[in-house]
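Geometric and topological summary
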Amino acid sequence: MSQIENEVFSPVKVNNWCKGCDICVAFCPRKVFTLSSETGKAEVTRPEKCIICGLCQLLCPDFAIDLKEPQNANG
Ligand code: SF4
Ligand code: SF4
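Quick summary incoming for the structure in this document. (Residues numbered from 1 in each chain as written. Chains lettered and ligands numbered in written order. Predicted model: local features only at pLDDT ≥ 70, side-chain atom pairs only at ≥ 80, totals over all residues.)

**Regarding the overall build of the protein chain**
Each helix and strand in the protein chain was counted, giving two helices and four strands. Order of helices (α) and strands (β) in the protein chain, N terminus to C terminus: β-α-β-β-α-β. Put simply, the protein chain has 75 residues, and 17% of those count as buried. Within the protein chain, residue pairs in contact and separated by at least 24 positions form 54% of the contacts whose partners lie at least 6 positions apart. (Helix = DSSP H or I, 4+ residues; strand = E, 2+ residues; numbered from the N terminus. Buried ≥ 20, exposed ≤ 12 C-beta atoms within 10 Å, placed from the backbone. Contact = placed C-beta atoms within 7 Å.)

In structure tokens form, the structure reads like this:
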């Protein structure tokens with residue numbers, strides 16, 4: 001039997017070299033990120049809100065954000 005993942009599919013991901021500068025948390029228009037008090041890093045806490053605008057990826061000084069390309073059928 002396959003195990004169903006609990007996590008909601010997220011179009012955005014923060015890599016573990018995030019230094020917690022808070023830029024993405026502050027600038028994401030959809031408030032997708034929260035700065036974790038445990039790890040001191042940005043966490044994706046509202047993945048369903050992400051509109052894949054690309055702003056976080058553009059602003060992150062450490063290139064710590066992975067963004068999934070919008071799924072377009074044509075090229
Ligand atoms: S902008 Fe980049 S380094 Fe700064 S908190 Fe967000 S993911 Fe981490
Ligand atoms: S792509 Fe846009 S909406 Fe999605 S997390 Fe980044 S800044 Fe927020």
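**As for the site of ligand 1**
Around ligand 1, the surrounding shell holds 13 residues, and the nearest of these are Cys18, Cys21, Cys24, Ala42 and Cys60. Of the residues contributing to the shell around ligand 1, the split by class is nine nonpolar, one polar and three charged. (Near = placed C-beta within 6 Å. Nonpolar A, V, L, I, M, F, W, Y, C, P; charged D, E, K, R; others polar.)

**Remarks on the environment of Lys68**
Tracing the chain through its elements places Lys68 in the segment after strand S4 (65-67). Put simply, Lys68 and Lys13 are 55 residues apart on the chain and 8.5 Å apart in space, counted from C-alpha to C-alpha. For Lys68, the residues in contact, after removing those within four places along its chain, are Pro11 and Ile52.

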